[in-house]
Amino acid sequence: MDLAGTLREIADCSVLSDDGAVAGYVTDWTGRWRGGPAIVARPRTVAAVAAVMAACARAGVAVVPQGGNTGLVAGSVPPAGAVVLSLSSLDAIGEVTDGAVTAGAGVTLAALESFAAARGLTCGLSLASGESATVGGAAATNAGGAEVLRYGSARARIAGLRAVLSDGAVLDRRRPPAKDNTGYDLVDQLVGSEGTLAVITDVTWRLDAAPGERTVLVLAFPSVVDAVAAVPALRGLPGLLALEWSDGAAVARVAAHLGAPAPLPTDGCWVFAEFDGAPEAAGVVAGLLPDNRIAVGAGPEDRIRLWRYRARTTEAVNAAGVPVKLDVGVPLEDFAAAQEAIVGAVAAVSPDVEPVLFGHLAEGNVHVNLLPGPTAPARRFPEELAERLEAAVLGQVLAHGGTVSAEHGIGRAKVPWLARQRGADQVALMRRLKGAWDPSGLLNPGVLFDG
Ligand code: 2HG
Ligand code: ZN
């Protein structure tokens, strides 16, 4: 019997194999990365996940774990012949005990947040893709988002997890004791491992008290230098939940895409500062900028109306073409200079490229999205040009002491850059860890490392 047939015999597991049905699982959200053909297995229980893993191990077939498929570095795009192991049917949410809840890997972040909100709590992870992104994907990629400065990345939210190993064995660390100093932290090792070590099936997620009514202040600084200069004052304000930024040109693009004229000037750099409650910040901020460069969003509708100029940038970029996406971090003291160097390096590769810059100001995180300019022959770059553009940006990032991925991870898209960032010795150690967890190398091959 072929592998699809074997998988079809597993109880509590759906299997998709025709091209139309698997299409949404083999291409990434941006359309840049296409994989497959592949078989998709959708188990509904942990036992079924284990059976799929054991069957694939026996057949020697690669497995690509997948949550909401919202990643931006091709980490869940399958190589030809692989099995996509979709965890989306593991969508049960347990009870809150000791301030945490165990959720199936396929629970979306939006579902987890509404579960938490109904109890006066928050999961503390806010992604624009939260309607589709899943708890398991967030754990596997150590997802970040808008509220890292208040709640930390996924790693800080995760108290425990359960996972299926590459041979089908189950590792259960859903509820480690609150204080536990016994040996290696296996939970922490799986967080951010991008599906290369084991398949996460359940995550025990820490919940915090939900903030009260939120207020967003949008500050249209005349330049990125002015915006960065204001960071220490803004960071010191009580109740700060998020500190985000968008280049003025990026805001103008979103405004045009939405057909919603920007309420403030787009000549410089917008900063979005969100507060728990009505900020005493208003007074401090008034000293930073004139009134016509400040907007206040209090109440859910006003907030969403202002936040959309940041939160919907990815969507506006995708509507204009297939972007080259880089997700870099630079030290704040070098933020403006690094950006100038990045934009200069891109222009030196090709004058017909439009950079769209935005991200998470608190962490010095810049989402560099590059689009073909108006006179480019197509709405996607030839792959050879895309690689030269990536090299130009990431070379500058390393020269400025930054990171080639602050948030989205390495996936398949940034493999050559892992060693340049972390050094050959650290990558060799990572490979040895990979070999210990996944000796036959069938879990997400091509992610983090070649082949
Ligand atoms: C965000 O911060 C996401 O909005 C997406 O990380 C970034 O599209 C991107 O490059
Ligand atoms: Zn981001």
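You'll find the structure just up there.
Residues numbered from 1 in each chain as written. Chains lettered and ligands numbered in written order. Predicted model: local features only at pLDDT ≥ 70, side-chain atom pairs only at ≥ 80, totals over all residues. Heavy atoms only, no water.

Colleague: Which parts of the structure should I look at to understand the coordination of the zinc ion (ligand 2)?
Modeller: Coordination angles at a metal have ideal targets, namely 109.5 degrees for four tetrahedral donors and 90 or 180 degrees for six octahedral donors. Ligation of the zinc ion (ligand 2) by protein atoms is provided by H360 (NE2), H367 (NE2) and E407 (OE), these donors lying 2.0 to 2.1 Å from the ion. Under the relative-accessibility criterion, H360 is labelled buried at 4%. (Donors = N, O, S within 2.8 Å, 3.2 Å for Na, K, Ca; no water. Buried < 20%, exposed > 50% of the residue type's maximum accessible area, 1.4 Å probe, protein only.)

Colleague: Help me understand the site of ligand 1 in this model?
Modeller: Lining the immediate surroundings of ligand 1 are L72, R310, T314, K325, F358, H360, H367, N369, E407 and H408. Contacts to ligand 1 include R310, whose side-chain N or O atom sits 2.8 Å from an oxygen atom. In this structure, an oxygen atom belonging to ligand 1 sits 3.0 Å away from a side-chain N or O atom of N369. Considered on its own, ligand 1 offers 300 Å² of accessible surface; in the complex 88% of this is hidden by protein. Of all the elements in the fold, those that place two or more residues in the shell around ligand 1 are β17 (353–360) and β18 (365–372). Taken together, the residues of the shell around ligand 1 break down into two nonpolar, five polar and three charged. (Near = heavy atom within 4 Å. Polar contact = N/O pair within 3.5 Å; in protein donor to acceptor, adjacent residues only side chain to side chain. Areas by Shrake-Rupley, 256 points an atom, 1.4 Å probe, with all protein chains shown as cover. Helix = DSSP H or I, 4+ residues; strand = E, 2+ residues; numbered from the N terminus. Nonpolar A, V, L, I, M, F, W, Y, C, P; charged D, E, K, R; others polar.)

Colleague: Quick question: what am I supposed to make of the sheet that holds strand β14 (residues 269–276) here?
Modeller: The strands that make up a sheet are held in pairs by hydrogen bonds between backbone atoms, and each pair lies either parallel or antiparallel. Pairing in this open sheet of seven strands is antiparallel, and the strands run β15-β12-β14-β13-β17-β18-β16 from one edge to the other. The open sheet has two free edges, formed respectively by β15 (294–298) and β16 (324–329), since each of these has just one partner strand. Strand after strand, the sheet turns through a mean of 15 degrees between neighbouring axes, direction not considered. Bridge count for β16 against β18 is six bridges, and the pairing is antiparallel. Paired with V324 across the strands is L370, a residue of β18. Running over the sheet, helix α13 (residues 300–311) touches β12 (214–221), β13 (240–247), β14, β15, β17 and β18 and is turned about 130 degrees from β15. Sheet contacts for helix α14 (residues 313–320): β13, β16, β17 and β18; angle to β17, the most-contacted strand, approximately 165 degrees. (Pairing = 2+ DSSP bridges. Axes fitted to C-alpha atoms, helices over the stretch in contact; angles between N-to-C directions. Contact = heavy atoms within 4.5 Å.)

Colleague: Could you clarify how one ought to interpret the sheet that holds strand β6 (residues 100–104) in this entry?
Modeller: Read across the open sheet, the five strands follow the order β5-β6-β10-β8-β9; overall the sheet is antiparallel. Because the sheet does not close on itself, it has two edges, and the strands there are β5 (93–97) and β9 (170–173). The sheet shows a mean angle of 15 degrees between the axes of neighbouring strands, direction not considered. Relative to β9, strand β8 (residues 158–164) runs antiparallel, the two being bridged by four bridges. Paired with L161 across the bridge in β9 is R173.

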